[in-house]
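Here are the chains, one letter per residue:
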Amino acid sequence: MKSKIDFDTWKRKEHYTFFKQFEQPFFGVTVRVDCTQIYAKAKAHNESVFLHYLHKALLAVNEIENFKYRIVEDSVYLYDRIDGSPTIARPDETFGFSYIIFNEDFGIFSRDAKTEIARVRAGSGLEVAVSGENVVHFSTLPWLDFTTVEHPKSLTFPDSCPKIVFGKMTTNTENLQSMPLSIHGHHALMDGMHIGQFVKRFQELLNL
């Protein structure tokens, strides 16, 4: 479900009009998040660390309104639910796109995600996911403790979905674990403040 934004009353009308005309309207930041507690929790229950932090990221996304805006045919819509479209690595060193439906219940989310991941891993080719606009594009770079990320971008293909990249998890001398996190958003729909809200909430959820 989605609702169309009324431009006449929308407080971002001028921001949208200004940044919408940019050839490349995405901006991004890279931060570091503490994964100590979420890692320990996942391992204690013999569960996927990736699915745990992916679920926490989608929880945070679905709590922040600006992460739920999308541009569709020159109109802005607010979606009720945002799902995930993470890249899934295959044994042959390629990857495929997946579509994982968000559910607040981790048990349901994890069950459905495992089914989708297995399906993509068993496939071949790029397999572009047909999932609509109500997604966040996720990637994981478990080999790299990166400090910045740039995404390929078509200047003619319409795209307003946020992009989030998880990096390599490392352990410091105090036995605390952390990883880099890259977030890119469409500046017509969100500002740095909203990315800051996401990072703050994501970290809170990682600590639960």
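Quick note: structure is the one above.
Student: Now, about the overall build of the chain: what can you tell me, with residues and values included?
Tutor: Helix and strand counts for the chain stand at five helices and ten strands. Viewed in the frame of its principal axes, the chain has a C-alpha envelope of about 50 × 40 × 30 Å. Counting all 208 residues of the chain, 46% fall into the buried class. Across the chain, every contact between residues at least 6 apart in sequence was considered, and the portion connecting residues at least 24 apart equals 71%. With the model as given, the accessible surface of the chain reaches about 11200 Å², and the carbon-plus-sulfur share is 54%. The distance from the centre of the 23 positive side-chain charges to the centre of the 26 negative ones in the chain is 3 Å.

Student: I'd like a rundown of helix 3 (residues 49-61), residues and numbers included.
Tutor: With 13 residues, helix 3 ought to run about 18 Å at 1.5 Å a step, and its terminal C-alpha atoms sit 18 Å apart, in line with that. The element helix 3 is largely enclosed, with a buried count of 13 among its 13 residues.

Student: Outline the pairing of strand 10 (residues 177-186), listing residues and values.
Tutor: Of all ten residues in strand 10, ten are buried, a share of seventy percent or more. Here strand 10 shows two buried faces, one formed by Q177, M179, L181, I183 and G185 and the other by S178, P180, S182, H184 and H186. Bridging between strand 2 (residues 26-34) and strand 10 involves nine bridges; their strand directions are antiparallel. Counterpart to F27 in the pairing with strand 10 is G185.

Student: Quick rundown of unusual backbone geometry? Include the residues and the values.
Tutor: Glycine aside, residues mostly have negative phi, and peptide bonds are mostly found in the trans state. Even without a glycine there, the phi angle at N46 is positive, about 55°. Take N46: it is sitting in the loop between helix 2 (36-44) and helix 3. Judged by relative accessible area, which is 74%, N46 ranks as exposed. Positive phi values are uncommon outside glycine, yet D74 reaches one of about 65°. Considering the arrangement of structural elements, one finds D74 in the loop between strand 3 (69-72) and strand 4 (75-79).

Student: Give a detailed account of the side chain of Q177, specifying residues and quantitative values.
Tutor: Along the chain, Q177 turns up in strand 10. The buried category is assigned to Q177, whose relative accessible area is 13%.

Student: Requested: an account of the sheet that holds strand 3, with residues and values cited.
Tutor: By definition, the strands of a sheet pair up through backbone hydrogen bonds, in either a parallel or an antiparallel sense. Pairing is antiparallel in the open sheet, where three strands are placed in the order 1-4-3. Since the sheet does not close on itself, it has two edges, and those belong to strand 1 (2-4) and strand 3, each with one partner. Averaged over all pairs of adjacent strands, the angle between their axes in this sheet comes to 35°, without regard to strand direction. Inspection of the sheet shows strand 3 paired to strand 4 by four bridges, in the antiparallel sense. For Y69, the partnering residue across the bridge sits in strand 4 and is L78.

Student: Describe in detail the packing of aromatic side chains, supporting the description with residues and values.
Tutor: Applying the stated criterion across every chain yields a total of 14 aromatic pairs. With a centroid separation of 5.7 Å and an interplanar angle of 5°, the aromatic rings of F138 and F166 are classed as stacked. A residue pair is termed long-range when its members are at least 10 positions apart, and F138 in strand 7 (residues 135-140) and F166 in strand 8 (residues 163-166) qualify at 28 residues. As far as the burial class goes, F138 and F166 line up, both buried.

Student: Explain the nonpolar core to me, using residue names and the numbers behind them.
Tutor: Residues L54, I164, F166, F198 and F202 are the most contacted members of the largest nonpolar core, which totals 42 residues. The leading source of residues in this core is helix 3, at ten residues. Not counting chain neighbours up to four residues away, the residues in contact with F166 comprise Y53, L54, A57, F138, S139, T140, L141, F146, M179, P180, L181 and F202. In this structure, W10, I71, V76 and A188 belong to the second largest nonpolar core, which totals ten residues.

Basis of the calculations
Residues numbered from 1 in each chain as written. Predicted model: local features only at pLDDT ≥ 70, side-chain atom pairs only at ≥ 80, totals over all residues. Heavy atoms only, no water. Helix = DSSP H or I, 4+ residues; strand = E, 2+ residues; numbered from the N terminus. Buried < 20%, exposed > 50% of the residue type's maximum accessible area, 1.4 Å probe, protein only. Contact = heavy atoms within 4.5 Å. Areas by Shrake-Rupley, 256 points an atom, 1.4 Å probe, with all protein chains shown as cover. Lys, Arg positive; Asp, Glu negative; His and termini not counted. Charge placed at Lys NZ, Arg CZ, Asp CG, Glu CD. Expected span 1.5 Å × (residues − 1). Pairing = 2+ DSSP bridges. Axes fitted to C-alpha atoms, helices over the stretch in contact; angles between N-to-C directions. Phe/Tyr/Trp six-rings, centres within 6.5 Å; stacked < 30°, edge-to-face > 60°. Core = buried A, V, L, I, M, F, W, Y, C linked by side-chain atoms within 4.5 Å.

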